[in-house]
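Geometric and topological summary
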Amino acid sequence: METTTLNIPIEKAKVSKIDQVDFDNLNFGSVFTDHMLVCDYRNGAWEVPRVIPYQAISLEPSAKIFHYGQSIFEGMKAYKDVDGKVWLFRPSDNFKRLNISAHRMAIPELPEEYFMGGLKTLVQLDSEWIPQKEGSSLYIRPFMFASGQGFHASPADEYKFVICLAPSGSYFSGKVRVLIEEQYSRAANGGVGYAKAGGNYAGQFYPTQLAIEKGYSQVIWTDDNTHEYIEEAGAMNIFARIGDTLITAPTSDRILDGVTRKSILEIAKDEGIKTEVRKMRVSEIVEAAQNGSLKELFGAGTAAVVSPISGFGYQGVDYELPELANSYAALLKKRITDIQFNRAEDKFGWRYSIS
Ligand code: COI
């Protein structure tokens, strides 16, 4: 058994599955690398993480995750440049957000060295799995959940922190048409919308299914109180371009502080694009679509990066957004992925080498 400088024990898989993977035809998050990181919280403390072969996790049926959904996650990616060097993107922001989510869900916060050291050890070990094809990357899924038992509705006394890796292609295939939601809500004031709690995503599935039945692929979430303000796009933050101004909703109790969202805002400013972080009325978007000033709508998130929206439905009317020659979405996606893949200077200091 090998150990790292952090004394993270590594138990290597006996046989690699890498030869079974078609790296030219990867879906999103459906094949997993040879190893995973596991870290247990017991007796009031996080134990030293360990890397083990990718395998099933055994839990008692009374584990609280099954009953009360005490579960959070993060989404990150590892990128390999043309020289084979491996990079992460703003990993300490994911670490900070993981603990913000943990705090809100009454899960004990993880020490930074376990997150960063564990991540580095695991990604380095499985670095052969990082795809180099344009549009592909190694999706990293850190998550934490209540493994402690009991039916009492209170925080568990044991937890697991796990990281799995999935070589992945694009999150969306084809155009994204969205429905502006008028009935269901993703989050409420004082709730857990800003946390990456698993239940925030489960709660989206049913309204999204209804939207899919109507011919859309995602829901645009509006505020729970009035449904008059645009907040998020499916599992992503949302941006609108009206005229030449790029607008996104401010983060709040209800809106996730997306790493891609805040990076896009900084890159846009650096490009000289006028940005506004403010509440966006649905009526403003509809009017702008009617008078032709709504040039673009796009989602931004780690998995999908920047995902242009080709049209939206609202109150039974469909609005189309024709493709633009000089779209902000295309420009911003290129700038952020050029930084991530080490194809351009990183004046922001976001790239993080783990080679
Ligand atoms: C991500 O963009 O990484 C997310 O966490 C969203 C997830 C639903 C894929």
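Below or above, wherever it landed, is the structure these notes cover. Since the structure is predicted, the reported quantities are computational estimates derived from the model, not experimental observations. (Residues numbered from 1 in each chain as written. Predicted model: local features only at pLDDT ≥ 70, side-chain atom pairs only at ≥ 80, totals over all residues. Heavy atoms only, no water.)

Observations concerning the overall build of the protein chain
Let me state the cut-off plainly: Every helix listed is a DSSP run of H or I at least four residues long, and every strand listed is a run of E at least two residues long, numbered separately from the N terminus. Contacts are assigned to residue pairs that have any heavy atoms within 4.5 Å of one another. Accessibility throughout is a Shrake-Rupley quantity obtained with a 1.4 Å probe, and a residue counts as covered only by protein chains that appear here. When charges are counted, Lys and Arg are positive and Asp and Glu negative, with His and the chain ends excluded. Working definition for charges: the position is that of NZ of Lys, CZ of Arg, CG of Asp or CD of Glu.
Check the secondary structure of the protein chain and you find 7 helices and 21 strands. Once the C-alpha set of the protein chain is aligned to its principal axes, its extents read approximately 65 × 55 × 35 Å. Pairs at least 24 apart in sequence give 70% of the contacts found in the protein chain among residues at least 6 apart. As presented, the protein chain carries roughly 16200 Å² of accessible surface, and 49% of it is formed by carbon and sulfur atoms. Distance between charge centres in the protein chain, computed from 38 positive and 45 negative side chains, equals 2 Å.

Quick word on the nonpolar core
Heads up, the rule is: For our purposes a nonpolar core is just a set of buried Ala, Val, Leu, Ile, Met, Phe, Trp, Tyr and Cys residues, chained together by side-chain atoms within 4.5 Å. Summary of the burial criterion: residues with accessible area below 20% of their type's maximum are buried, those above 50% are exposed, and those between are partly exposed, where the area comes from a 1.4 Å probe applied to protein chains only.
Counting 39 residues, the largest nonpolar core has W46, L110, F115, V123, I140, M144 and F161 as its most contacted members. Counting only elements with at least two residues in this core, the list comes to β3 (35–42), β7 (76–80), β8 (86–89), α2 (91–104), α3 (112–125), β9 (137–146) and β10 (159–168). By residue number, the principal contributor to this core is α3, which donates 6 residues. Ignoring any residue separated from it by four or fewer positions in sequence, one finds W46 in contact with C39, D40, Y41, P108, E109, L110, P111, Y114, M144, Y159, K160 and F161.

Topic: the packing of α2 against α3
Under the convention used in this document: Between N-to-C directions, angles cover 0 to 180 degrees, with each direction set by a line fitted to C-alpha atoms, over the stretch in contact for helices. An angle counts as roughly parallel when it lies under 35 degrees, as roughly antiparallel when it exceeds 145, as roughly perpendicular when it falls between 65 and 115, and as oblique in every other case. For a crossing to be left-handed, the near helix must be turned anticlockwise from the far one by less than a right angle; the clockwise case is right-handed. Gly falls in the polar group here, along with every residue not listed as nonpolar (Ala, Val, Leu, Ile, Met, Phe, Trp, Tyr, Cys, Pro) or charged (Asp, Glu, Lys, Arg).
At their nearest, the axes of α2 and α3 sit 10 Å apart, and the two run at 135 degrees to each other. With respect to α3, the element α2 is oriented oblique. Here α2 and α3 pass one another in a crossing that is right-handed. Contacts between α2 and α3 involve P91, S92, N94, F95 and L98 from the former and E112, F115, M116 and L119 from the latter. Of the residues assigned to the contact of α2 with α3, the class counts are 6 nonpolar, 2 polar and 1 charged.

Brief notes about the packing of aromatic side chains
Here is the rule: Here a pair means two rings of Phe, Tyr or Trp (six-membered ring of Trp) with centres within 6.5 Å. Their orientation is stacked below 30 degrees between planes, edge-to-face above 60, and tilted elsewhere. As a reminder, the over-ring test applies to NZ of lysine and CZ of arginine, requiring each to be within 6 Å of the ring centre and within 35 degrees of the ring normal.
Here the structure, examined in full by the defined rule, presents 17 aromatic pairs. Each ring, one from F32 and one from Y54, has its centre 5.4 Å from the other, and the planes form 5 degrees; the classification is stacked. Of the two residues, F32 sits in the loop between β2 (9–10) and β3 while Y54 sits in the loop between β5 (50–53) and α1 (64–68), which places them 22 residues apart along the sequence. These aromatic residues form a ring-pair network of at least three members: F28, Y139, Y171 and F172. Cation over ring: K279 sits above Y229, and NZ or CZ is 4.4 Å from the ring centre. The lysine or arginine in question, R351, covers the ring of W87, its NZ or CZ lying 5.2 Å from the ring centre.

Brief notes about α3
In an α-helix there are 3.6 residues to a turn, and that puts residues three or four apart on one side. Counted only if it meets this: Expected helix span is taken as 1.5 Å per residue step, with the number of steps being one fewer than the number of residues.
The end-to-end C-alpha distance of α3 is 20 Å, a good match for the 20 Å that 14 residues give at a rise of 1.5 Å each. Buried residues of α3: Y114, F115, M116, G117, G118, L119, T121, L122 and V123, and no others.

Remarks on the pattern of salt bridges
Here is the rule we go by: Here, a salt bridge means any Lys or Arg side-chain nitrogen found within 4 Å of an Asp or Glu carboxyl oxygen.
Applying the stated criterion across every chain yields a total of 23 salt bridges. R50 is paired through a salt bridge with D40; the nearest N and O atoms lie 2.8 Å apart. With a gap of 10 residues between them, R50 in strand β5 and D40 in strand β3 connect regions that are remote in the sequence. Its relative accessible area of 31% is what places R50 among the partly exposed residues. Look at D40 and you get buried, because its relative accessible area is 4%. Across the salt bridge formed by D244 and R241, the nearest N and O atoms sit 2.7 Å from each other. Several salt bridges share partner residues, and in doing so they unite D40, R42, E47, R50 and K160 into one network.

Here's the deal with the site of the ligand
What counts, and what does not: Nearness is defined per residue: one heavy atom within 4 Å of the molecule or strand is enough. A 3.5 Å cut-off defines polar contacts: any pair of N or O atoms within that distance qualifies, except that in protein one atom must be a possible hydrogen donor and the other a possible acceptor, and neighbouring residues in sequence count only when both atoms are side-chain atoms.
The environment of the ligand is formed by F73, G75, Y139, R141, Y171, K196, Y201, A235, G301, T302 and A303. Here an oxygen atom of the ligand and a side-chain polar atom of Y139 are 2.6 Å apart. One of the backbone nitrogen or oxygen atoms of T302 is found 3.2 Å away from an oxygen atom of the ligand. In isolation the ligand exposes 280 Å². Once the protein is present, 90% of that is buried. Here the shell around the ligand is composed, by residue class, of 6 nonpolar, 3 polar and 2 charged.

Some remarks on the pairing of strand β20 (residues 317–320)
Defined as follows: Should DSSP find at least two bridges between two strands, the strands are taken to pair.
Pairing geometry for strand β19 (residues 305–314) and β20, over 4 bridges, is antiparallel. In the strand pairing of β20, F312 is matched with Y319. Where β19 folds back on β20, the antiparallel hairpin that results is connected by 2 residues, among which Q315 adopts a positive phi of roughly 50 degrees.

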